[in-house]
Amino acid sequence: TQLLEQSPQFLSIQEGENLTVYCNSSSVFSSLQWYRQEPGEGPVLLVTVVTGGEVKKLKRLTFQFGDARKDSSLHITAAQPGDTGLYLCAGPSSNSGYALNFGKGTSLLVTP
Amino acid sequence: DTAVSQTPKYLVTQMGNDKSIKCEQNLGHDTMYWYKQDSKKFLKIMFSYNNKELIINETVPNRFSPKSPDKAHLNLHINSLELGDSAVYFCASSPGTGFVGELFFGEGSRLTVL
């Protein structure tokens, strides 16, 4: 099983601060996805990155896929309380292209 | 209209009981999944079905038995429940055949075994 390591595990910041969370693996992935999960709900897809070195922006969120396609980062500019949640990275399973393996997530709390 | 719906949302039961969780998707997707999220929020694949056929069966005790009566439904039956089965179980679907695209998750079913 390809392991996805996420860091930090927990992050508590104040509104307006910037932050970066990381997703690392020793394996090469054809693509990586980022999901956000809010309490009491299922994860929701934010973005899929496919090409090494790719950068995608979603409003204040910037996602980057490493050149070697082994890692990814998520940068949030001027965090808001609405960004609070569990951020999960996921990649296709090496056992089967039908499933995603998830990292253990970064739990983000943004306080006003 | 909910895309992936699971019932029940909460389930509290005693050790040794048998319980089922139902899942339905109205997205027309070919592939459905069961994931288990433990108390540390780790989301782990349990099963995957493609067009009613089992394609992934991770290392899960055989007390867990998935059933897919048609490609829009994937149910999970658990026999002889144990304390360690307490978790949130998520059903998901994806349109991909041969590769996995976006996963669409239900709201989860929180199982508590006493």
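In this report, the structure presented in the accompanying data block is examined. All figures in this text were calculated on a predicted structure; none of them were measured in a lab.

Scoring rules and cut-offs
Residues numbered from 1 in each chain as written. Chains lettered and ligands numbered in written order. Predicted model: local features only at pLDDT ≥ 70, side-chain atom pairs only at ≥ 80, totals over all residues. Heavy atoms only, no water. Helix = DSSP H or I, 4+ residues; strand = E, 2+ residues; numbered from the N terminus. Rg over C-alpha atoms; globule rule 2.2 N^0.38 Å. Buried < 20%, exposed > 50% of the residue type's maximum accessible area, 1.4 Å probe, protein only. Contact = heavy atoms within 4.5 Å. Areas by Shrake-Rupley, 256 points an atom, 1.4 Å probe, with all protein chains shown as cover. Buried area = accessible area lost by both parts, 1.4 Å probe. Salt bridge = Lys/Arg side-chain N within 4 Å of Asp/Glu carboxyl O. Polar contact = N/O pair within 3.5 Å; in protein donor to acceptor, adjacent residues only side chain to side chain. Nonpolar A, V, L, I, M, F, W, Y, C, P; charged D, E, K, R; others polar. Disulfide = S-S within 2.5 Å. Core = buried A, V, L, I, M, F, W, Y, C linked by side-chain atoms within 4.5 Å. Pairing = 2+ DSSP bridges. Axes fitted to C-alpha atoms, helices over the stretch in contact; angles between N-to-C directions.

Considerations on the overall build of chain A
And then number 1: Looking only at helices and strands, chain A has zero helices and eleven strands in total.
And then number 2: The helix and strand sequence of chain A, counted from the amino end, reads β-β-β-β-β-β-β-β-β-β-β.
And then number 3: Scaling as 2.2 N^0.38, a compact globule of 112 residues should have a C-alpha radius of gyration of about 13 Å, and chain A matches this with 13 Å.
And then number 4: With respect to the three principal axes, the spread of C-alpha positions in chain A is 45 × 30 × 20 Å.
And then number 5: Per-residue burial for chain A yields a buried fraction of 46% across its 112 residues.
And then number 6: The contacts in chain A between residues at least 6 apart in sequence include a share of 53% that link residues at least 24 apart.
And then number 7: Working note: accessible area of chain A is about 5300 Å², and carbon and sulfur atoms make up 50% of it.

Quick notes on the interface of chain A and chain B
And then number 1: Taken together, the contact between chain A and chain B spans 21 residues of the former and 27 residues of the latter.
And then number 2: Between chain A and chain B, the buried area comes to about 1700 Å², and carbon and sulfur atoms account for 61% of it.
And then number 3: Where chain A packs against chain B, one counts zero salt bridges.
And then number 4: Between chain A and chain B we count four residue pairs in polar contact (both at pLDDT 80 or more) in total.
And then number 5: For the side of chain A that touches chain B, the secondary structure elements donating two or more residues are strand 4 (32–37), strand 9 (85–92) and strand 10 (100–102) of chain A.
And then number 6: Looking at side-chain class alone, the side of chain A that touches chain B contains ten nonpolar, nine polar and two charged residues.

Details of the state of the cysteines
In protein structure, a disulfide is the covalent linkage between the sulfur atoms of two cysteines.
And then number 1: Evaluated as defined, the whole model comprises two disulfides over all chains.
And then number 2: Between the sulfur atoms of C23(A) and its disulfide mate C89(A) the distance is 2.0 Å. Between C23(A) and C89(A), the S-S torsion sits near 75 degrees, and that sign places the bridge as right-handed. Highlighted residues: C23(A) in strand 3 (residues 19–24) and C89(A) in strand 9, separated in sequence by 66 residues.
And then number 3: Note that C23(B) is cross-linked by a disulfide to C91(B), the S-S spacing being 1.9 Å. Its S-S torsion of about -75 degrees marks the bond between C23(B) and C91(B) as left-handed, since a negative value means left-handed. With a gap of 68 residues between them, C23(B) in strand 3 (residues 19–25) and C91(B) in strand 9 (residues 87–94) connect regions that are remote in the sequence.

Topic: the nonpolar core
And then number 1: By size, the foremost hydrophobic cluster in this structure holds 21 residues, and its most contacted members are L19(A), W34(A), F63(A), L74(A), I76(A) and L108(A).
And then number 2: Taken together, the elements giving at least two residues each to this core come down to strand 3, strand 4, strand 5 (44–49), strand 7 (61–65), strand 8 (71–76), strand 9 and strand 11 (106–111) of chain A.

Let's talk about the sheet that holds strand 3 of chain A
Backbone-to-backbone hydrogen bonds pair the strands of a sheet. The strands run either parallel or antiparallel.
All names here are of chain A.
And then number 1: The strand order across the open sheet built from five strands is 1-3-8-7-6, with neighbouring strands paired in antiparallel fashion. The two strands at the open ends of the sheet, each matched to only one other strand, are strand 1 (5–7) and strand 6 (55–58). When the angles between neighbouring strand axes are averaged without regard to direction, this sheet yields 15 degrees.
And then number 2: In terms of strand pairing, strand 1 meets strand 3 through three bridges, oriented antiparallel. Bridge assignment links Q6 to a residue of strand 3, and that residue is C23.

Details of the pairing of strand 9 of chain A
Residue and element names in this part refer to chain A.
And then number 1: Extensive coverage of strand 9 is indicated by the burial of eight of its eight residues.
And then number 2: Taken together, the five bridges between strand 4 and strand 9 define a ladder with antiparallel strand orientation. In the strand pairing of strand 9, Q37 is matched with L86.
And then number 3: In terms of strand pairing, strand 9 meets strand 11 through three bridges, oriented antiparallel. Its bridge partner lying in strand 11, L86 is registered against S107.
And then number 4: Pairing between strand 9 and strand 10: three bridges, direction antiparallel. Of the residues in strand 10, the one forming a bridge with P92 is L100.

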